[in-house]
Every structure is written in structure tokens, then in C-alpha cells.
Amino acid sequence: MKDLTKKEKRCIAGIVVLYGMYDFSVLLVDLFGIMVQVMMGFICFVLLCFITTKCMNMKVQNIFIFLLIASINSSYYSMIGVPYNRLPLTWFLLASVMIIFLCHLKIQRNLALLAAVLLLVFFAFSIVYLRNQNLAGAVNQGINLFVFLLMLSCAKQLRRVCDVRTGSCAQIIYLGSVFMFSLMVVLQKYLCENRGLDIGHIGKYAMRTSYAATFYDFSFATLYVASGFCMLFAGICYKIRLLSWNNSLILMGVYIYAVLIINARTGLVALVLAVFLMFVYLIIKRKRAQILVVGICTVPVVLLLLLFMSSRREGMFSSSGRIDGYIAGLKCFMEHFWIGNGFGIQNYGLTIPHNLIVQYLAQFGIIGFSIILIGMYPVLKKILLDKESIIRWTVMTVVIGSMFIPDIVSSHYLTVVIVLAFCETHKKLQQPVQTIEEKAKR
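Residues numbered from 1 in each chain as written. Predicted model: local features only at pLDDT ≥ 70, side-chain atom pairs only at ≥ 80, totals over all residues. Heavy atoms only, no water.

Right, let's get into the overall build of the protein chain. Looking only at helices and strands, the protein chain features 18 helices and two strands. A burial count over the protein chain gives 56% of its 442 residues as buried. For the protein chain, restricting intrachain contacts to residue pairs at least 6 apart in sequence, the fraction spanning at least 24 positions comes to 77%. Accessible area for the protein chain stands at about 19800 Å²; split by element, carbon and sulfur atoms hold 67% of it. (Helix = DSSP H or I, 4+ residues; strand = E, 2+ residues; numbered from the N terminus. Buried < 20%, exposed > 50% of the residue type's maximum accessible area, 1.4 Å probe, protein only. Contact = heavy atoms within 4.5 Å. Areas by Shrake-Rupley, 256 points an atom, 1.4 Å probe, with all protein chains shown as cover.)

What follows is the structure in C-alpha cells.
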């Protein structure tokens, strides 16, 4: 944040507020109507283009990087009002496609691009050979994975064109988007419990009520909020202040409250494990003894959070059927060893395994799993081993969470935190950054 001018800070705050308004129009679509949501989406995009290019003097690629981040909260809703399962044409997808297009004006050969091409071939073969009944579900998951691998193939090019200013702006927009999502969850709880209005995704169970606002999965929602908390907290521990102390404390407080409202365990568990690993690294590798004191102080806080959450739900420490799902998934993998059970969550037949590895082995077999691994492993390895990065702990939080929830790629924010890691720059550039288009012309 210290690398940004006051004008740039105001512009970033404007983008966060602007897309926060759009997010709330999506959440309240049943009250205000679909046309308000659609019009707000196009108005926000036009204003985003104006703010980024005219007010901040940034290049075209920054519009779509910022749009990708700001549209996470609305990424399950079509930009033109058509139901998402019929036509997943979203602002998030538009931003992804434009980033891929700009980065590949000059083809950048890498393993992620190879994996994307191989996945396309494998998908076509799987559809023809297995003939799954729910074709729409298969195509939807195939598109998500294909776009995800293509985004990973943009890593090298994005690192070249992003400077400290772009990285700082992107991080603040992400924190702001998580904050807006947290406020939506708070509003959702208030309207449900005090006004009797059920808006967004609400789960009412015997011993608990869960809120996910515009997300379709409660575990996705809590992990998303936890990722924002981890980014902010890692910045404090690394002495890289993303926001002022007052703003940081306010945001972290709202994040934790939102995690408790969502009332799903995945985010809290992933956050605790990621922060523990960060503490171990800073104490052993960086010789930061004072971090040990911080770690000791956080133990009672974590215990209080676990105690509070356990009081609002039954089976706090149960597997919730996850173990049975893992066993069934591994059996499915052994029965369909080479090409799996096929694309599409709806085509799986049973409850999808709540584990990224088991799920992809069961769905795609050893061939499909290997293709995805070829694209993901080199990029994740480079991010997680970057000693100067604070975003790697956010990525670590999401990766740990993916071991407890299904289909993490469809969460969309896994793509975003990886893009944030691409944009993270540790050295300020002395010369103006060349655009993707200028690089491609050479």
C-alpha cells in the first residue's frame, strides 16, 4: 500500500465500493429484479475501464486483472441474467478469457499450456467414450478446468508485465472483495433472522444455520474469507503493511465474524494450518523469535473460535461423511483406473469426494489426473517455494482447504490467488512496464 499514491488509493477504494454495490445487487436480485443486476454489471465495467485507464493511467491488461478479482463474488451469476447452469457467461469468465488472449498474442509454450491442450483432447474422448447423461454438467466442469490451466499458462507473461503498483492494487482489491462478501453474509444473516427474508444461499439444519451469500457452497465461502484473513495477517507478520493498522484490525475482525456466521469448518481449519506453517517458517528460517510469542497468543483465540463454533453445530469434530466419500472415490478410481468416471459432478452418481486428489482420480482416472497435475504442479511449486512472497501463504490456505472440499477449481478464487502470486513483485521497476501487446509485437 505504501507504493501507491493517495489518488491511486482512492481509485482502488472506488473500485472496491463500486463492485461491492454490484455484489449486493446480485445478492438482492429477488428484491430489486434481474434488470438492476444486469445494468449494474455493465455500468461497473465501464467505470472500471475509466478509472483504470484514465484516472490511474494503467494499461488494458490491468482492467481485466482487476475485473477478475472484483468479480469473484458474482462469478456464479450470468452477466446477462440467464441462469448460470444454462449459460455460464460471467464477468469472471470474460476477464479470464481476455487475460488469456492478451497473454497469448504471442504463444508462450509451457507445461500448463500443453496440459490445457491435452485436457481438451481427453475431454472430447471422455464425452464420446463414456456418454455421460448430464452433458451440460460435463461441459461446465470441462470449461472450468480448461480455463484454469490456460490461466496457469499465463504465469510467466504476467510476471513480466506486472510491477509493484499493479501487485499492490490487486492485493487491496482482493481484500476489499473478501470484505464485501463478508458484509453480504452479515446482511444475509440479519435479514433472515430479523426480517424473515431468505436471500442468497442459506442452509438450515437441525443444529445450525449456514450462510454463503452468492456462493453455492458453504465450505467455498468460509475458505474464501479465510484466504483474505491469511493474506492480511501474513503481510503483518512479514512487515509488509497492505493496509493501515486500524483498517487491518477492522477487516480481520469482520473476516472472523463472517467465518463464524458461515458456520463451516474448512476455512478455519485451513487457516490455522497455514498460519502454523508460516509461524514455523518464520521462527526457524527467518529467526523471528518474536513470532513465537504471537503464535502462543493465538492459541487461546483459536480454541475460543473452535469452542464457539462447536456450540452452534453438532458433530464439530466428525468427518461428516468425508471418510466414506474418500473410500468410495478410491473404489471408483480402481474400477475406472485409466479414464475415470467422467466429467461433471452430476455424473458421478455418489457424493463427490471432498478432496481434490481423490476427486480427480475418481473422475478422470490416472490419465486425466496426470494431465491436470502436469499443468498445476510446476506453477504451485514455484509459488509455494518463493521465500519473499506473502501470497504463497494465501495459496497454501486454499490448497490445504482443497483437501477437505470438492472441486476447488470451481471456487474461482483459487485462480485469483494464483494470479495474485503472479502479479506479486518484490522489486520496484525503474522503467515503465511494457504492456502485453507491446511484448507480443517484438
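Let us now look at the nonpolar core. With 148 residues, the main nonpolar core has Tyr174, Phe181, Phe215 and Tyr413 as its most contacted residues. No other element matches helix H10 (residues 218–237), which puts 14 residues into this core. Filtering out sequence-adjacent residues up to four positions away, tyrosine 413 remains in contact with Ile72, Tyr174, Phe215, Ser219, Phe220, Leu223, Tyr224, Val398 and Ile408. (Core = buried A, V, L, I, M, F, W, Y, C linked by side-chain atoms within 4.5 Å.)

Structurally, the position occupied by valine 259 is in helix H11 (residues 245–262). You can call valine 259 buried: its relative accessible area is 6%.

Let us look at the pattern of salt bridges. On inspection of all chains with the given rule, the structure shows three salt bridges. Among the ionic pairs, glutamate 8 bridges to arginine 165, the shortest N-O distance being 2.7 Å. Of the two residues, glutamate 8 sits in helix H1 (residues 6–27) while arginine 165 sits in helix H9 (residues 164–194), which places them 157 residues apart along the sequence. Across the pair aspartate 198 and lysine 204 runs a salt bridge whose closest N-O atoms are separated by 3.2 Å. According to the relative accessible area criterion, aspartate 198 is partly exposed, its value standing at 45%. Classification of lysine 204 by relative accessible area gives exposed; the value is 52%. (Salt bridge = Lys/Arg side-chain N within 4 Å of Asp/Glu carboxyl O.)

Residue position: serine 78 is located in the loop between helix H4 (60–70) and helix H5 (91–103). According to the relative accessible area criterion, serine 78 is buried, its value standing at 2%. A polar side-chain atom of serine 78 sits 3.2 Å from the main-chain amide nitrogen of isoleucine 80. Serine 78 has contacts with Gln37, Leu87, Leu89 and Thr90, leaving out every residue within four places of it along the chain. (Polar contact = N/O pair within 3.5 Å; in protein donor to acceptor, adjacent residues only side chain to side chain.)

Let's shift gears to a positive patch on the surface. A contiguous patch of positive charge, built from Lys6, Lys7, Lys9, Arg10 and Arg241, is present on the exposed surface. Inspection of the secondary structure assignment puts arginine 241 in the loop between H10 and H11. We classify arginine 241 as exposed; its relative accessible area is 54%. (Patch = residues over 30% accessible without salt bridge, like charges linked within 9 Å, V, L, I, M, F, W, Y side chains within 5 Å. Lys, Arg positive; Asp, Glu negative; His and termini not counted. Charge placed at Lys NZ, Arg CZ, Asp CG, Glu CD.)

Counting through the fold element by element, asparagine 62 comes out in helix H4. Note on asparagine 62: relative accessible area 5%, which makes it buried. Other than its neighbours up to four places away in sequence, asparagine 62 contacts Thr52 and Thr166.

If you roll a probe as big as a water molecule over the atoms, it shows you where there is empty space left. According to the stated counting rule, one finds two cavities of 30 Å³ or more in the structure shown. If you add up the space inside the largest cavity, you get close to 160 Å³. What lines the largest cavity is a set of 14 residues, among which Phe92, Leu93, Asn144, Val147 and His412 lie closest to the centre. Elements that contribute at least two residues to the lining of the largest cavity include exactly H5 and helix H7 (135–152). (1 Å grid on protein atoms, 1.4 Å probe; cavity = no way out; pocket = protein on both sides within 12 Å on 5 of 7 lines; lining within 4 Å. Points joined across faces, edges and corners; volume = space filled by probe spheres on them.)

A few words on helix H3 (residues 34–55). With 22 residues, H3 extends 30 Å from end C-alpha to end C-alpha; this agrees with the ideal 32 Å at 1.5 Å per step. Buried residues of H3: Gln37, Val38, Met40, Gly41, Cys44, Phe45, Leu48, Ile51 and Thr52, and no others. Relative to the axis of H3, the buried residues are bounded by an arc of 160° and lie together on one face. Opposite the buried face of H3, by more than 90 degrees, sit the exposed residues Met35, Met39, Val46 and Lys54. In this structure, the buried residues of H3 make contact with H1, helix H2 (29–32), H4 and H5. Directly beyond the C-terminal end of H3, a positive phi value near 55° is found at asparagine 57. (Expected span 1.5 Å × (residues − 1). Arc of directions from axis to C-beta.)

Of all five residues in strand S2 (residues 209–213), four are buried; the element is thus mostly enclosed. In the sheet, strand S1 (residues 201–204) pairs with S2 via four bridges, with the strands oriented antiparallel. Note that in S2 the partner of lysine 204 across the bridge is threonine 209. (Pairing = 2+ DSSP bridges.)

Moving on, we get to the packing of aromatic side chains. To describe a pair of aromatic rings, one takes the distance between the centres and the angle between the planes. Per the counting criterion, the structure on display carries 23 aromatic pairs. Residues phenylalanine 123 and phenylalanine 343 carry aromatic rings whose centres are separated by 4.9 Å and whose planes lie at 85° to one another, so their mutual orientation is edge-to-face. Taken as a pair, phenylalanine 123 in helix H6 (residues 111–130) and phenylalanine 343 in the loop between helix H14 (322–335) and helix H15 (356–384) lie far apart in primary sequence, 220 residues in all. Residue classification places phenylalanine 123 among the buried residues on the basis of a relative accessible area of 18%. Geometry around tyrosine 281 places arginine 392 over its ring, the cationic atom sitting 4.5 Å from the centre. (Phe/Tyr/Trp six-rings, centres within 6.5 Å; stacked < 30°, edge-to-face > 60°. Lys NZ or Arg CZ within 6 Å of the ring centre and 35° of its normal.)

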